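Chain by chain, the residues run as shown.
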Amino acid sequence: SQQGEEDPQALSIQEGENATMNCSYKTSINNLQWYRQNSGRGLVHLILIRSNEREKHSGRLRVTLDTSKKSSSLLITASRAADTASYFCATTTGNQFYFGTGTSLTVIP
Amino acid sequence: EAGVAQSPRYKIIEKRQSVAFWCNPISGHATLYWYQQILGQGPKLLIQFQNNGVVDDSQLPKDRFSAERLKGVDSTLKIQPAKLEDSAVYLCASSPLAAGTDNEQFFGPGTRLTVL
């Protein structure tokens, strides 16, 4: 399966700390995206990084991509209680679109 | 701009019954996706449409699942007959770009299906 695997499965941090989650995938990709899912709700797109990019920033989010290692990381700086959610990476290969297994982030106020 | 609409939000049926889900994408979005998300897992793509044509349905269990997107706008996903393992949240998403591009997807709230 092309599905990405995320690490860790669950992460609990104090408000104000940084959160880092990782995604590994199996085959070459066109791009990699990160989505957030709050409990019981649909997914929200956070950021997209193309296969020829190595790093991208958006507000408090920083994404890196290492295509040689087939891995990506998402860093959330200065976390807030509102960042509590599940985070999924998703890869695009041709017309195929695969979500990872997700990291459950809890930010403790 | 209105988001992706889905109905119903919740559905409870018994196994072997039929069920249908409806999705109205964001106006003007060319690509529409249906996903199945089992509790504790990431969404799994079932089928994607570009306008009213199927781009990919390789992960759709075609013996029981079917989907259509008439006139390239609304879409319905049907399960007939349902099995216990079909219990999941069914998510619909749309995107303004063609499939396979840098395609940010906009998701609806999902339909939570429970099969008893």
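Above: the structure in question.
Note that the coordinates shown come from a computational prediction; the quantities given were computed from them, not determined experimentally.

Caption draft 1: Seen up close, the overall build of chain A. Of regular secondary structure, chain A possesses zero helices and eleven strands. In chain A, the order of α-helices and β-strands from amino to carboxyl end is β-β-β-β-β-β-β-β-β-β-β. On C-alpha atoms alone, chain A measures out to a radius of gyration of 13 Å, which is about the 13 Å that the 2.2 N^0.38 rule sets for 109 residues. Principal-axis analysis of the C-alpha atoms gives chain A an extent of 40 × 25 × 20 Å. Of the roughly 5100 Å² of accessible surface on chain A, 44% is carried by carbon and sulfur atoms. If the 11 positive side-chain charges of chain A are averaged to one point and the 9 negative ones to another, these points end up 6 Å apart.

Caption draft 2: The arrangement of unusual backbone geometry in detail. For the bond from Asp7 of chain A to Pro8 of chain A, the omega torsion is 0°, close enough to zero to count as cis. Tracing the backbone shows Pro8 of chain A in the loop between β1 (5–7) and β2 (10–14). Put simply, Ser7 of chain B and Pro8 of chain B share a cis peptide bond, and its omega is -10°. For Lys70 of chain A, which is not a glycine, the phi torsion comes out positive at approximately 50°. Inspection of the secondary structure puts Lys70 of chain A in the loop between β7 (61–66) and β8 (71–76).

Caption draft 3: Examining the pattern of salt bridges more closely. Summed over the entire model, instances satisfying the criterion amount to six salt bridges over all chains. Of the charged contacts, one joins Glu53 of chain A and Lys56 of chain A as a salt bridge, the two residues approaching to 3.9 Å between their closest N and O atoms. Judged by relative accessible area, which is 26%, Lys56 of chain A ranks as partly exposed. Ionic pairing is found between Arg64 of chain B and Asp86 of chain B, a salt bridge with its closest N-O pair at 2.5 Å. Placement of the pair is Arg64 of chain B in the loop between β6 (53–56) and β7 (65–68) and Asp86 of chain B in the loop between β8 (75–79) and β9 (88–95), with a sequence separation of 22 residues.

Caption draft 4: Seen up close, the packing of aromatic side chains. Evaluation of the coordinates by the stated rule reveals eleven aromatic pairs over all chains. Seen from their ring centres, Tyr35 of chain A and Phe107 of chain B are 5.7 Å apart, and the 85° between their planes marks the pair as edge-to-face. Of this pair, Tyr35 of chain A sits in strand β4 (residues 31–37) while Phe107 of chain B sits in strand β10 (residues 106–107), which puts the two residues in different chains. Exposure class is identical for Tyr35 of chain A and Phe107 of chain B. Each is buried. Between Phe99 of chain A and Tyr35 of chain B, the aromatic rings sit 5.5 Å apart at their centres with planes inclined by 80°, giving edge-to-face as the arrangement.

Caption draft 5: Up close: the sheet that holds β8 of chain B. Residues and elements named next belong to chain B. The strand order across the open sheet formed by four strands is β1-β3-β8-β7, and the pairing between neighbours is antiparallel. Of all the strands in the sheet, the pair left with one neighbour each is β1 (5–7) and β7. Across the sheet, the axes of successive neighbouring strands diverge by a mean angle of 15°, strand direction being ignored. Where β1 and strand β3 (residues 19–24) come together, three bridges link them in antiparallel fashion. Bridge assignment links Gln6 to a residue of β3, and that residue is Cys23.

Each value, and the rule that gives it
- Residue numbering note: each chain is counted from 1, following its sequence as written.
- Lettering for chains starts from A, numbering for ligands starts from 1, and both go in the order in which the items are written.
- Confidence filtering applies because this is a predicted model: local features only for residues at pLDDT of at least 70, side-chain atom pairs given and counted only at 80 or more, and all residues used for totals across whole chains, interfaces and linings.
- Working from all heavy atoms in the structure, the side-chain values ignore hydrogens and water.
- The way it works is that DSSP assigns letters per residue, a run of H or I at least four long becomes a helix, a run of E at least two long becomes a strand, and they are numbered from the N terminus.
- The globule rule is 2.2 Å times the number of residues to the power 0.38, and the radius of gyration it is compared with is taken over C-alpha atoms.
- All accessible-area figures derive from a Shrake-Rupley calculation using a 1.4 Å probe, and residue coverage is judged against the displayed protein chains alone.
- Note that His is not counted, nor are the chain ends; the positive residues are Lys and Arg, and the negative ones are Asp and Glu.
- Charge positions come from single atoms, namely NZ of Lys, CZ of Arg, CG of Asp or CD of Glu.
- Should a side-chain nitrogen of Lys or Arg be within 4 Å of a carboxyl oxygen of Asp or Glu, the pair is scored as a salt bridge.
- Remark: exposure states derive from per-residue accessible area (1.4 Å probe, protein chains only) relative to the maximum for the residue type, with buried under 20%, exposed over 50%, and partly exposed in between.
- In this scheme Phe, Tyr and Trp rings, the latter by its six-membered ring, pair at centre separations within 6.5 Å, and the angle between planes marks the pair as stacked below 30 degrees, edge-to-face above 60, and tilted otherwise.
- For two strands to be treated as a pair, DSSP must find at least two bridges joining them.
- Lines are fitted to the C-alpha atoms to define the axes, a helix being fitted only along its stretch in contact, and any angle between axes, read from their N-to-C directions, falls within 0 to 180 degrees.

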